Amino acid sequence: MTETPKTALTIAGSDSGGGAGIQADLRTFFACGVHGLTALTAVTVQNSVGVHGFTEIPADVVAAQIETVAGDMGVNAAKTGMLATAEIIATVAATVDAVGIGRGRRVPFVVDPVAASMHGDPLLREEALEAIRTELLPRATVVTPNLDEVRLLTGISVTEETVQREAAEALLAFGPQWVLVKGGHLAGSTRCVDLLSDGTHVVELEGRRYDTPHTHGGGDTLASAVTAHLAKGLGVPDAVSVGKRFIERCVAESYPLGQGVGPVSPFWRLAPDSPAPTD
Ligand SMILES: Nc1ncnc2c1ncn2[C@@H]1O[C@H](COP(=O)(O)OP(=O)(O)OP(=O)(O)O)[C@@H](O)[C@H]1O
Ligand SMILES: Cc1ncc(COP(=O)(O)O)c(N)n1
């Protein structure tokens, strides 16, 4: 028998193409050495070219999945991905409160405010954006928007790195403890900077930018790596810093698959001499 690992819960949708969503989250949890728990919110019909449709899971079934695993196994950290509807968002908010997940509670809560796939296909009903602002952001230990989500949530268009700070301030006004403004969509530079802020501490996480179209699942993989390291007991700045190094390597090792965009890859973690993500 070996020691029980820490647990990380993902509340997210399924990507039938296996590049993003709950599949990317579980792969990342495994690669980071934590046991993955899942609450499925939606089933997407998706491949490398796009999302061809989705069906959401009834909100009470989403709540029951969270309650059932939290009550039995315990959750050390949790994250959200695709939540699809305002009803699911409101239910997730009430359920995480009930089981002690979220800002100011025992269990850290990473909110990835997924609105659309990288192909531009919607993953969130339009009217649900306000529910992300009012129900999820105040409960977040860390919120991890990409630049499209920053624009949708705050109206701010980040066209250069200097504006990431202003965007973080605007998002902090909705009540999360920390904001990570991801810079993956800021092309035209050899570096790729994500900005982390809690309003007092501002950290620029700089990495190399790889010239590849194959970054499907990059946002989910980063948020899951951060969640896994929060589950292992790291504080937010350290978990995000390790997560950034983890995703940088996963982008470097991404591969083509299908006719469209291929996924980022944590396969490098399987190499026998691979460093632990905390190294
Ligand atoms: N070409 C790249 N090279 C290196 N790192 C990248 C690249 N593109 C994105 N990243 C990193 O990947 C993470 C995800 O960033 P991004 O801003 O693309 O989020 P996202 O749009 O949610 O991701 P995706 O849509 O690809 O799932 C960030 O840490 C970002 O810095
Ligand atoms: C089920 C699901 N969740 C999240 C994403 C976002 O990932 P990406 O931005 O890489 O398309 C996705 N495409 N599908």
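Refer to the preceding data block for the structure.
The numbering scheme is per chain: residues are counted from 1 as the chain's sequence reads. Chain labels run from A onward and ligand labels from 1 onward, assigned in the order the entries are written. Reporting in this predicted model follows two pLDDT cut-offs: at least 70 for local features of residues, and 80 or more for side-chain atom pairs to be given and counted; totals over whole chains, interfaces and linings ignore these cut-offs and use all residues. For side-chain calculations, the full set of non-hydrogen atoms in the structure is used, while hydrogens and water are omitted.

Turning next to helix α6 (residues 163-172). Among all positions of α6, only Val163, Gln164, Ala167, Ala168, Leu171 and Leu172 are buried. We call two residues in contact whenever any of their non-hydrogen atoms come within 4.5 Å of each other. Note on conventions: DSSP H or I runs of at least 4 residues are helices, E runs of at least 2 residues are strands, and numbering of each starts at the N terminus. Here the buried face of α6 lies against α5 (147-154), β7 (178-181) and β8 (191-197). Each residue gets one of three labels from its accessible area relative to the maximum for its type: buried under 20%, exposed over 50%, partly exposed in between, using a 1.4 Å probe on protein chains only.

The next point concerns the environment of isoleucine 156. Looking at the element boundaries, isoleucine 156 is found in the loop between α5 and α6. Judged by its relative accessible area of 14%, isoleucine 156 is buried. Sequence separation between isoleucine 156 and arginine 209 is 53 residues; the distance between their C-alpha atoms is 23 Å. Setting aside residues up to four positions removed in sequence, isoleucine 156 forms contacts with Val150, Arg151, Val163, Glu166, Ala167 and Ala170.

In this section: the site of ligand 1. Proximity is defined per residue: if any heavy atom of the residue lies within 4 Å of a molecule or strand, that residue is considered near it. Near ligand 1 lie 18 residues; those nearest to it are Lys182, His185, Asp194, Thr215 and Lys244. Whenever a nitrogen or oxygen atom comes within 3.5 Å of another N or O atom, the pair is scored as a polar contact, on the condition that within protein one atom can donate a hydrogen and the other can accept it, and that pairs from neighbouring residues in sequence are kept only if both atoms are in side chains. In the environment of ligand 1, a nitrogen atom lies 2.9 Å from a nitrogen or oxygen atom belonging to the backbone of tyrosine 210. Taking glycine 218, its main chain carries an N or O atom lying 3.1 Å from an oxygen atom of ligand 1. Accessible surface area values rest on a Shrake-Rupley calculation with a 1.4 Å probe, where residue burial reflects the displayed protein chains alone. For ligand 1, whose accessible area on its own is 620 Å², the fraction buried by protein is 92%.

Further remarks concern the sheet that holds strand β6 (residues 142-143). In this scheme, strands are said to pair when DSSP sees at least two bridges between them. The nine strands lie next to each other as β3-β2-β1-β4-β5-β6-β7-β8-β9, forming an open sheet whose pairing is mixed. Looking at which strands have only one partner, the edges of the open sheet turn out to be β3 (51-56) and β9 (202-208). Relative to β6, strand β5 (residues 109-111) runs parallel, the two sharing two bridges. Among the inter-strand pairings, valine 111 is bridged to a residue of β6, identified as valine 143.

Moving on: the nonpolar core. As used here, the term nonpolar core means buried Ala, Val, Leu, Ile, Met, Phe, Trp, Tyr and Cys residues forming a set that is joined through side-chain atoms within 4.5 Å. Counting residues in each nonpolar core, the largest one holds 45 residues, and the members touching the most others are Leu9, Ile11 and Val92. Not counting chain neighbours up to four residues away, the residues in contact with valine 92 comprise Ile11, Val62, Ile66, Thr80, Leu83 and Phe109. Within the second largest apolar cluster, 28 residues are counted, among which are Leu196, Ala228, Leu230 and Trp268.

So, about the site of ligand 2. Around ligand 2 there are 14 residues in total, and Gln46, Met118, His216, Gly217 and Asp220 lie nearest to it. One of the backbone nitrogen or oxygen atoms of methionine 118 is found 2.9 Å away from an oxygen atom of ligand 2. At 2.7 Å, a backbone N or O of glycine 217 approaches an oxygen atom of ligand 2. Considered on its own, ligand 2 offers 360 Å² of accessible surface; in the complex 92% of this is hidden by protein. Of all elements in the fold, only β1 (7-15) and β2 (35-46) reach the threshold of two or more residues within the shell around ligand 2. Here the shell around ligand 2 gets three residues from one element, more than from any other, and that element is β1. Among the residues forming the shell around ligand 2, the class breakdown is four nonpolar, eight polar and two charged. Residue polarity follows a fixed list, in which Ala, Val, Leu, Ile, Met, Phe, Trp, Tyr, Cys and Pro are nonpolar, Asp, Glu, Lys and Arg are charged, and the others, Gly among them, are polar.

What counts as a ring pair is set by centres within 6.5 Å for rings of Phe, Tyr and Trp (its six-membered ring), and what kind of pair is set by the plane angle: stacked under 30 degrees, edge-to-face over 60, tilted for all other angles. Counted under the stated rule, the structure contains two aromatic pairs. With a centroid separation of 5.4 Å and 55° between ring planes, the pair formed by phenylalanine 246 and tryptophan 268 is classed as tilted. Here phenylalanine 246, found in helix α8 (residues 236-252), pairs with tryptophan 268, found in the segment after α8; they are 22 residues apart in sequence, far enough to count as distant. For tryptophan 268, a relative accessible area of 8% gives the class buried. When the centroid spacing of 6.0 Å and the interplanar angle of 10° are considered together, the rings of tyrosine 255 and phenylalanine 267 count as stacked. Taken together, the residues span a long stretch of sequence, with tyrosine 255 in the segment after α8 and phenylalanine 267 in the segment after α8 at a distance of 12 residues.

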